[in-house]
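Fold and geometry: a report
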Amino acid sequence: MLARSTPNIALIKYWGNRNDALRLPAADSLSMTLSSPTVEVDAEPSDTLHIVSYETDGTEKRLKEADIRRFARHFALCREYLATVEHPDTLPSAVALSIRSQVPPAIGLASSAAVFSAVAMAYAGLIRDRVALTAEQISVMARLGSGSACRSIAGGFAAMRVTGEGIGDAFVEQIASADHWPLHDIIIAPSEREKEHGSTEGHALAPTSRLYTRRIADIPRRQAECIDAILQRDFQKLQTVAEEDCLNMHDVMRTSTPSLDYLTADTHRIVREIDTLRREQHLPVLYTMDAGPTVHLLCTDDAVDAIRSYARSQKQCLVFESRVGPGAKLI
Ligand code: DP6
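Residues numbered from 1 in each chain as written. Predicted model: local features only at pLDDT ≥ 70, side-chain atom pairs only at ≥ 80, totals over all residues. Heavy atoms only, no water.

1. Digging into the site of the ligand
Rules: Note on definitions. A residue lies near a molecule or strand when any single heavy atom of the residue is within 4 Å of it. Two N or O atoms count as a polar contact when they lie within 3.5 Å, although within protein this holds only if one can serve as hydrogen donor and the other as acceptor, and sequence-adjacent residues are included solely when both atoms are side-chain atoms. Helix and strand definitions follow DSSP, with helices as H or I runs of at least four residues and strands as E runs of at least two, each counted in order from the N terminus. Here the nonpolar group is Ala, Val, Leu, Ile, Met, Phe, Trp, Tyr, Cys and Pro; Asp, Glu, Lys and Arg are the charged ones; every other residue, Gly included, is treated as polar.
Taken together, 17 residues sit near the ligand, with Arg70, Ser146, Gly147, Ser148 and Thr200 positioned nearest. Note that an oxygen atom of the ligand is positioned 2.9 Å from one of the side-chain N or O atoms of histidine 203. A distance of 3.4 Å separates an oxygen atom of the ligand from a polar side-chain atom of aspartate 290. When residues of the shell around the ligand are assigned to their parent elements, the largest contribution, three residues, is made by helix α4 (residues 199-205). Residue classes in the shell around the ligand are distributed as five nonpolar, seven polar and five charged.

See below:
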């Protein structure tokens, strides 16, 4: 069963869990699902867990032991979750996964969101003759592999809503479809270094920051403002709340123990230059960064030419262009 998915870029960030083992977030979050780069996953029943993964150029990628354990744990959690929604033993006892990623390894894009949303969709496809899972249920399965993968199940603008403490109590809710607001994401990746601390580790450290409790308390207000901005296509409002939330998440990261600083001198320079450029030219563009130095510049059609030429003028940076996408699909 073949499925395709893409990363998403968070506008209200997910950082910190109420249950790390279940990847059950402490608060809601919201993102724009991207149209590219894509990841394709084929899942077939098998006697034992078997995973092959291919790079963008088609060469086989050697998976680390920790990656294999993550897929095995994810599969076990999916079986556990399906039992709680009265579909026990619908998934086979093991699967063979074949993963083809078009995400350039150096671009610093959350490829785990694309991979686990595609895996979850492929699992849903494997059992669809017996059970028609809802998008919400598939998004729970995606979340069990990587929290933010939950949101890539829906296209357009997608929230992850947290409603309780159970395994199924955080799922996707689509705020608006991809054709509602045709925004662009011009992505500038200044560094090819692999990050020292992955997100899974970071989520567990978040509560050590003295700013964390305040951040979690502020999220409902920001989430509501962000939803309003999207529904009203109010770019200024979206910019204000998304940048506030991004900078606040990076403050939490920096003040955790140990301190996590994902942003580099290049990130700060790009943010400063974009701030100047948009003031001078009145450009509808906003910046946001996930757990890495890569800068996402979200903009409307009115700003895209200026932002594209700014991005292409960056030396020693990789530039990738994307738009709002349709979300995970079976193909
Ligand atoms: C900063 O979904 O990558 O991108 O569940 O450990 O895979 P894992 O975490 P992940 O965390 C995302 C963190 C973020 C913000 C966001 O996408 O909301």
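2. Observations regarding the sheet that holds strand β1 (residues 2-5)
The cut-off we apply is this: Following DSSP output, two strands are said to pair if at least two bridges run between them. Pairs of residues are marked as contacts when any of their non-hydrogen atoms sit within 4.5 Å. Only the stretch in contact is used when fitting a helix axis, every axis being a line fitted to C-alpha atoms; angles between N-to-C directions are given from 0 to 180 degrees.
Ordered by their spatial adjacency, six strands build an open sheet running β8-β7-β9-β6-β1-β16, and the pairing between neighbours is mixed. Single-partner strands in this sheet number two, and they are β8 (60-61) and β16 (329-330). Note that β1 and strand β6 (residues 39-45) share four bridges and pair antiparallel. Bridge pairing in β6 places arginine 4 opposite glutamate 40. Sitting on the sheet, helix α2 (residues 111-126) touches β1, β6, β9 (95-101) and β16, and the angle it makes with β6 is about 35 degrees.

3. Some details on the state of the cysteines
We apply this condition: Only a pair of cysteine sulfur atoms within 2.5 Å counts as a disulfide in this structure description. Here's how the labels work: a residue is buried when its accessible area is under 20% of the maximum for its type, exposed when over 50%, partly exposed in between, all with a 1.4 Å probe on protein chains only.
Taken as a whole and judged by the stated rule, the model has zero disulfides. No disulfide involves cysteine 226; its sulfur sits 12 Å from that of cysteine 246, the nearest cysteine. Of the residues examined, cysteine 226 reaches a relative accessible area of 0% and is grouped as buried. In this structure cysteine 299 is a free cysteine whose sulfur lies 16 Å from that of cysteine 246, the closest cysteine sulfur available.

4. A few points about the layout of surface pockets
Here is the rule we go by: Lining residues are those with an atom within 4 Å of a point, where the points come from a 1 Å grid over the protein atoms alone and group into cavities, where a 1.4 Å probe fits but cannot get out, or pockets, open sets with protein on both sides within 12 Å along at least five of seven lines. Grid points are joined across faces, edges and corners, and a volume is the space filled by probe spheres set on the points.
Put simply, the second largest pocket is a space of about 170 Å³. Around the second largest pocket, the lining residues are Tyr14, Asn17, Asp20, Ala21, Arg23, Arg70, Arg73, His74, Leu77, Leu144, Thr200 and His203. At the level of elements, α1 (65-84) and α4 are the ones that each hand at least two residues to the lining of the second largest pocket. By residue number, the principal contributor to the lining of the second largest pocket is α1, which donates four residues. Along the lines of polarity and charge, the residues of the lining of the second largest pocket split into four nonpolar, four polar and four charged.

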